[in-house]
Amino acid sequence: INATRPKARFPAEYIVPLSHELGHFRLLDHLEGTIGRVALILPGRPMPSAQLTLRDVLRRIIDSPEKKRDGELLAKQLGTDYRQLRYFVTHGSNRHFPAEFLVPFCRQLHDYTPLDFLESQAGRLAFPLPPRRTLGVSDIAEVHKLLQESLDATRIALGSMEDDRIDVAEARGMISEF
């Protein structure tokens, strides 16, 4: 028995139906979070694609003639062999692409189309989070300046509205301040 490799793997194409059944998207949220993305629910109903499957999406990415990907290297990076990888993406195969391969697959190829496809099936849209940065002294000074300018513009607007009338000159002054 091989203790490092699970015998049964959860199929990636079952993530969305399971999420709907459970009533939450924690699994998809976890996958997106590991690659620095976040997903939001879109208004309306999910947009299932009757003609396209996750298997189709994966196969198109792997076999893309424009990208000229090395399938054997990709399989090795995913921890499987090329033959298994082909079984995962071939129509009529009873083998499914493992959910545990989704994030490494997307990272290795710098292509998040498989996760985007699953998100669209769930009625969600995923996007990368902006990189975090710490504020420096100059950033704080800029915020202070912006707040001061906003306060000045508000004072001018309030001064112009004191008599419950705004003439053309006052309106132009307020517009230029804002």
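In what follows, the accompanying structure is described. (Residues numbered from 1 in each chain as written. Predicted model: local features only at pLDDT ≥ 70, side-chain atom pairs only at ≥ 80, totals over all residues. Heavy atoms only, no water.)

## Brief notes about the overall build of the protein
Phase 1: Helix and strand content of the protein: 9 helices and 2 strands.
Phase 2: For the protein, the α and β elements follow one another from N to C terminus as α-α-β-α-α-α-α-α-β-α-α.
Phase 3: Computed over its C-alpha atoms, the radius of gyration of the protein comes to 26 Å, more than 25% above the 16 Å expected for a compact globule of 178 residues.
Phase 4: Its C-alpha atoms put the protein at 85 × 40 × 35 Å along the principal axes.
Phase 5: At a minimum sequence separation of 6, the contacts of the protein that also span at least 24 residues come to 71%.
Phase 6: Accessible surface for the protein amounts to roughly 12,500 Å². Of this, 58% is attributable to carbon and sulfur atoms.
Phase 7: Considering the protein, the positive charge centre built from 24 side chains and the negative charge centre built from 24 side chains are found 13 Å apart. (Helix = DSSP H or I, 4+ residues; strand = E, 2+ residues; numbered from the N terminus. Rg over C-alpha atoms; globule rule 2.2 N^0.38 Å. Contact = heavy atoms within 4.5 Å. Areas by Shrake-Rupley, 256 points an atom, 1.4 Å probe, with all protein chains shown as cover. Lys, Arg positive; Asp, Glu negative; His and termini not counted. Charge placed at Lys NZ, Arg CZ, Asp CG, Glu CD.)

## Quick notes on the side chain of arginine 55
Phase 1: Mapped onto the elements of the fold, arginine 55 is located in helix H3 (residues 54–62).
Phase 2: Judged by relative accessible area, which is 11%, arginine 55 ranks as buried.
Phase 3: Among the polar contacts made by the side chain of arginine 55, one reaches the main-chain carbonyl oxygen of threonine 90 at a distance of 2.6 Å.
Phase 4: A distance of 2.9 Å separates a polar atom in the side chain of arginine 55 from the backbone oxygen of arginine 95.
Phase 5: Setting aside chain neighbours within four positions, we find arginine 55 in contact with Glu13, Tyr87, Phe88, Val89, Thr90, His91, Ser93, Arg95 and His96. (Buried < 20%, exposed > 50% of the residue type's maximum accessible area, 1.4 Å probe, protein only. Polar contact = N/O pair within 3.5 Å; in protein donor to acceptor, adjacent residues only side chain to side chain.)

## A closer look at the packing of H3 against helix H5 (residues 82–89)
Phase 1: Where H3 meets H5, the axes come as close as 8 Å, and the angle between the chain directions of the two elements is 135 degrees. When the axis of H3 is compared with that of H5, the two are oblique. Taken together, the residues of H5 that come into contact with H3 (itself represented by Arg55, Leu58, Arg59 and Ile62) are Leu85, Arg86, Tyr87, Phe88 and Val89.
Phase 2: Of the residues in the contact of H3 with H5, the class split is 6 nonpolar, no polar and 3 charged. (Axes fitted to C-alpha atoms, helices over the stretch in contact; angles between N-to-C directions. Parallel < 35°, antiparallel > 145°, perpendicular 65-115°, else oblique. Nonpolar A, V, L, I, M, F, W, Y, C, P; charged D, E, K, R; others polar.)

## So, the nonpolar core
Phase 1: Ile15, Phe97, Leu102, Phe105 and Leu118 are the most contacted members of the largest nonpolar core, which totals 30 residues.
Phase 2: With sequence-adjacent residues up to four places away left out, phenylalanine 105 is seen in contact with Leu58, Ile61, Ile62, Leu74, Leu78, Phe97 and Pro114. (Core = buried A, V, L, I, M, F, W, Y, C linked by side-chain atoms within 4.5 Å.)

## What to know about the packing of helix H2 (residues 26–34) against helix H7 (residues 113–122)
Phase 1: At a minimum axis separation of 11 Å, H2 and H7 run at an interaxial angle of 150 degrees. By the angle between their axes, H2 is roughly antiparallel relative to H7. Relative to H7, the crossing made by H2 is left-handed. Two secondary-structure elements touch here, H2 through Leu28, Leu31 and Glu32 and H7 through Leu115, Leu118, Glu119 and Ala122.
Phase 2: Considering only residue class, the contact of H2 with H7 consists of 5 nonpolar, no polar and 2 charged. (Left-handed = near helix turned anticlockwise from the far one by under 90°.)

## Observations concerning the packing of aromatic side chains
Ring pairs (aromatic) are described by centroid distance and by the angle formed between their planes.
Phase 1: Under the counting rule described, the total for this entry stands at 5 aromatic pairs.
Phase 2: On the numbers, 6.1 Å between centres and 85 degrees between planes, the contact of phenylalanine 88 with phenylalanine 97 is edge-to-face.
Phase 3: Judged by its relative accessible area of 7%, phenylalanine 88 is buried.
Phase 4: Exposure remark for phenylalanine 97: the relative accessible area of 1% places this residue in the buried category.
Phase 5: Taken together, a centroid distance of 6.0 Å and an interplanar angle of 70 degrees make the contact between phenylalanine 88 and phenylalanine 101 edge-to-face. One end of the pair, phenylalanine 88, is in helix H5; the other, phenylalanine 101, is in the loop between H5 and helix H6 (102–109), and 13 residues separate them in sequence. Of the two residues examined, phenylalanine 88 and phenylalanine 101, each falls in the buried class.
Phase 6: Cluster of aromatic residues (ring-pair linked, three or more members): Phe88, Phe97, Phe101 and Phe105. (Phe/Tyr/Trp six-rings, centres within 6.5 Å; stacked < 30°, edge-to-face > 60°.)

Any functional reading would require information that these geometric values do not contain.
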